[in-house]
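# A closer look at the structure
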Amino acid sequence: MAKHFIVAAIDFGTTYSGYAYSFKDSYKTDPLKIFSNTWTDGCGALTLKQPTCALFDGNGKFHSFGYEAEDKYAKLASSDKHIGWKYFRHFKMSLHNKPNLSLKAKLRDDQSKLMKAIEVFAASIKYLKDHLIHKLTESSGVNETSVNDKQSQKAGILTNDILWVLTVPAIWSDSAKQFMRTAAEQAGIQERSARALR
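Attention in this report is confined to the structure presented alongside it.

Procedures and definitions
- Residues numbered from 1 in each chain as written.
- Predicted model: local features only at pLDDT ≥ 70, side-chain atom pairs only at ≥ 80, totals over all residues.
- Heavy atoms only, no water.
- Buried < 20%, exposed > 50% of the residue type's maximum accessible area, 1.4 Å probe, protein only.
- Helix = DSSP H or I, 4+ residues; strand = E, 2+ residues; numbered from the N terminus.
- Pairing = 2+ DSSP bridges.
- Axes fitted to C-alpha atoms, helices over the stretch in contact; angles between N-to-C directions.
- Contact = heavy atoms within 4.5 Å.
- Parallel < 35°, antiparallel > 145°, perpendicular 65-115°, else oblique.
- Left-handed = near helix turned anticlockwise from the far one by under 90°.
- Polar contact = N/O pair within 3.5 Å; in protein donor to acceptor, adjacent residues only side chain to side chain.
- Phe/Tyr/Trp six-rings, centres within 6.5 Å; stacked < 30°, edge-to-face > 60°.

Glancing now at the pairing of strand β7 (residues 53-56). What you see with β7 is no split at all: C53 and L55 on one side and A54 and F56 on the other are buried throughout. Of the strand pairs in this sheet, β7 and strand β9 (residues 86-89) are connected by 4 bridges, and their pairing is antiparallel. Residue pairing in the sheet places C53 in a bridge with R89 of β9. Note: β7 against strand β8 (residues 62-65), 3 bridges, orientation antiparallel. When the bridges of β8 are listed, F56 appears paired with F62. Adjacent in sequence and paired antiparallel, β7 and β8 are bridged by 5 residues, among which G60 carries a positive phi angle near 85°.

In structure tokens:
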């Protein structure tokens, strides 16, 4: 079993999402020493979470999440350039409403176009995971513009150094919980480094 020195919890919410983390050594001396990110909305307000929304470009490539996705889509829509982009909001509970959930399940975007749900969830979880690793890498003094294991390794931080906790609603079916585990794996969180909470 891997030795984790950071525990990170991703709260993938219906309306808002974010993460918090703690260092194992700090936890031993001060269990309430927990860190989280502060997000800034389009008006400059600071929040501990950001909207659960994801934006994909016309080719289906992930573009952004949260406030950045909201702002970009609003700008595109205001100039009628949003056609073809895929914007998903408040999509989490769609897993709960599907009794026979499979990896083939699809979500409808803002323009009623379909996309595989697993791609939307995995990209969103990956965004939050990468954001945290980037934040940890940045705070260690390594300035990198993108996050991957080679870059985080320079800072002494690997994805597997983190015990990942992903919150899921207790009312969800086993298939919905498994779907989230699969999405987390596709986002680069290995099963042995992850726990799902209810």
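This is not the end of the story, as more comes after the structure.
What follows deals with the sheet that holds β9. The strand order β8-β7-β9 describes an open sheet built from 3 strands, whose pairing is antiparallel. Two strands in the sheet have a free side with no partner beyond their single neighbour: β8 and β9. Neighbour to neighbour, the strand axes of the sheet diverge by 15° on average, direction disregarded. Helix α2 (residues 67-78) rests against β7, β8 and β9 of the sheet, and its axis sits at about 115° to β8.

Orientation of helix α3 (residues 117-139) relative to helix α5 (residues 174-186), taken along the N-to-C sense of each, is 60°, at an axis distance of 8 Å. Here α3 is positioned oblique relative to α5, judged by the angle of their axes. The way α3 lies across α5 gives a crossing that is right-handed. Residues A117, I118, F121, A122 and I125 of α3 pack against F179, M180, T182, A183, A184 and Q186 of α5.

Following the sequence through the fold, Y19 ends up in strand β2 (residues 16-23). Classification of Y19 as buried rests on a relative accessible area of 4%. Among residues more than four places away in sequence, those in contact with Y19 are A9, I10, F35, S36, N37, W39, L128, H131, L132 and K135. A polar atom in the side chain of Y19 sits 2.8 Å from the side chain of H131.

Turning next to the packing of aromatic side chains. In the structure shown here, the tally under the stated rule is 16 aromatic pairs. Ring geometry for F56 versus F62: centroids 5.6 Å apart, planes at 75°, classification edge-to-face.

What follows deals with unusual backbone geometry. Even without being glycine, H90 reaches a positive phi, approximately 45°. Look at H90 and you get partly exposed, because its relative accessible area is 36%.

So, to be careful, I would describe these as geometric facts and stop short of saying anything about function.
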